[in-house]
Amino acid sequence: MSSKLAGKSALVTGAGSGIGLAVAQRFAAEGARVYFADINHGAAAAAASDAAGGTSTALAMDISDEASVAAAYATIAAEGPLDIVVANAGVQLFGQDARVGDLDLEVWEKTVAINQRGAFLTLKHAVRAMAGLGGSIICTGSPTAVVACGQTFTAYSSSKAGVHGLARVVAADYAGEGIRVNTVVPGYTETPLVRTIAADPVSRAGLVDSTMLGRAGTAADVEGIMVFLASDDSAYATGGLFTVDGGLTAL
Ligand SMILES: NC(=O)c1ccc[n+]([C@@H]2O[C@H](COP(=O)([O-])OP(=O)(O)OC[C@H]3O[C@@H](n4cnc5c(N)ncnc54)[C@H](O)[C@@H]3O)[C@@H](O)[C@H]2O)c1
């Protein structure tokens, strides 16, 4: 393993499972000091204790709650500067997210509160933490923000389109302060989030067949682009969408 992130400090939200877990552990392996943040503190603690390489710390953090977000950033600030933030935590309410005419307001509100408000709060406190120092912020977006994917994910798609827009405007507003903001767009990636699709052969085949590479993604497929965007190798990249979807959105 290289040490592309040696000497850097990173916060990864949603690090208790799936993509966030893989990315946080990879950042640690690349030499970073990593804060594994999750609403599920037990999962974050297990993921952090499993990590090899740089120092790993678990943090309880509910991204939809500003007091919780501020407290997590205060804990990090007390230990030193923060170079990298991956605003990754999110939910998708399978079986509840529906066609707009059938969508319950509370499903909409819950999805937007976590995915969109959560990204807003994570970035709001990230730019404050990086003031005067600069840094790299990476949001986890979704193909559903740009294409319908043949699925009915009204609340989820809308919340992720909000994340893409947020990342773009924060990139423009903070470029002069040395803060870069990019969005990684994973395709269908088999994590606990999509367990309902993975368990349904017809839905799964529909998504896999929509890729050029003819397979589902894994959390490990997303690690490399995250390391690139977190590291100085991507010094000229900001405001971008980085798609890792096996060709799903280009087909
Ligand atoms: N899996 C996919 O196919 C896919 C595709 C595109 C984008 N994404 C996005 O990738 C991100 C990670 O998804 P995943 O597939 O790894 O899911 P996952 O369910 O495996 O992990 C999500 C993590 O986020 C945490 N979380 C949920 N609500 C939270 C909150 N309020 N505060 C803090 N943490 C919270 C969960 O506890 C969990 O550990 C999400 O933003 C998701 O929308 C996933």
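Thresholds applied
- Residues numbered from 1 in each chain as written.
- Predicted model: local features only at pLDDT ≥ 70, side-chain atom pairs only at ≥ 80, totals over all residues.
- Heavy atoms only, no water.
- Phe/Tyr/Trp six-rings, centres within 6.5 Å; stacked < 30°, edge-to-face > 60°.
- Helix = DSSP H or I, 4+ residues; strand = E, 2+ residues; numbered from the N terminus.
- Buried < 20%, exposed > 50% of the residue type's maximum accessible area, 1.4 Å probe, protein only.
- Near = heavy atom within 4 Å.
- Polar contact = N/O pair within 3.5 Å; in protein donor to acceptor, adjacent residues only side chain to side chain.
- Areas by Shrake-Rupley, 256 points an atom, 1.4 Å probe, with all protein chains shown as cover.
- Nonpolar A, V, L, I, M, F, W, Y, C, P; charged D, E, K, R; others polar.

Caption draft 1: Looking closely at the packing of aromatic side chains. Applying the stated criterion across every chain yields a total of two aromatic pairs. Ring centres 5.5 Å apart and planes at 85 degrees place the aromatic pair Phe94 and Phe153 in the edge-to-face group. With a gap of 59 residues between them, Phe94 in the loop between strand S4 (84-87) and helix H4 (105-129) and Phe153 in the loop between strand S5 (135-140) and helix H5 (154-174) connect regions that are remote in the sequence. Where Phe153 meets Tyr156, the ring centres are 6.4 Å apart and the plane angle is 80 degrees; that geometry is what we call edge-to-face. Across the pair, exposure class does not vary: Phe153 and Tyr156 are buried alike. An aromatic cluster of three or more residues is present, and its members are Phe94, Phe153 and Tyr156.

Caption draft 2: Quick peek at the site of the ligand. Taken together, 27 residues form the shell around the ligand, and within it Ser17, Asp38, Asn88, Tyr156 and Thr191 come nearest. Within the side chain of Ser17, a nitrogen or oxygen atom sits 2.6 Å from an oxygen atom of the ligand. Burial of the ligand by the protein amounts to 92% of the accessible area it has alone, namely 830 Å². Broken down by secondary-structure element, the contributors of at least two residues to the shell around the ligand are helix H1 (18-29) and H5. Tallied by class, residues from the shell around the ligand come to 13 nonpolar, 11 polar and three charged.

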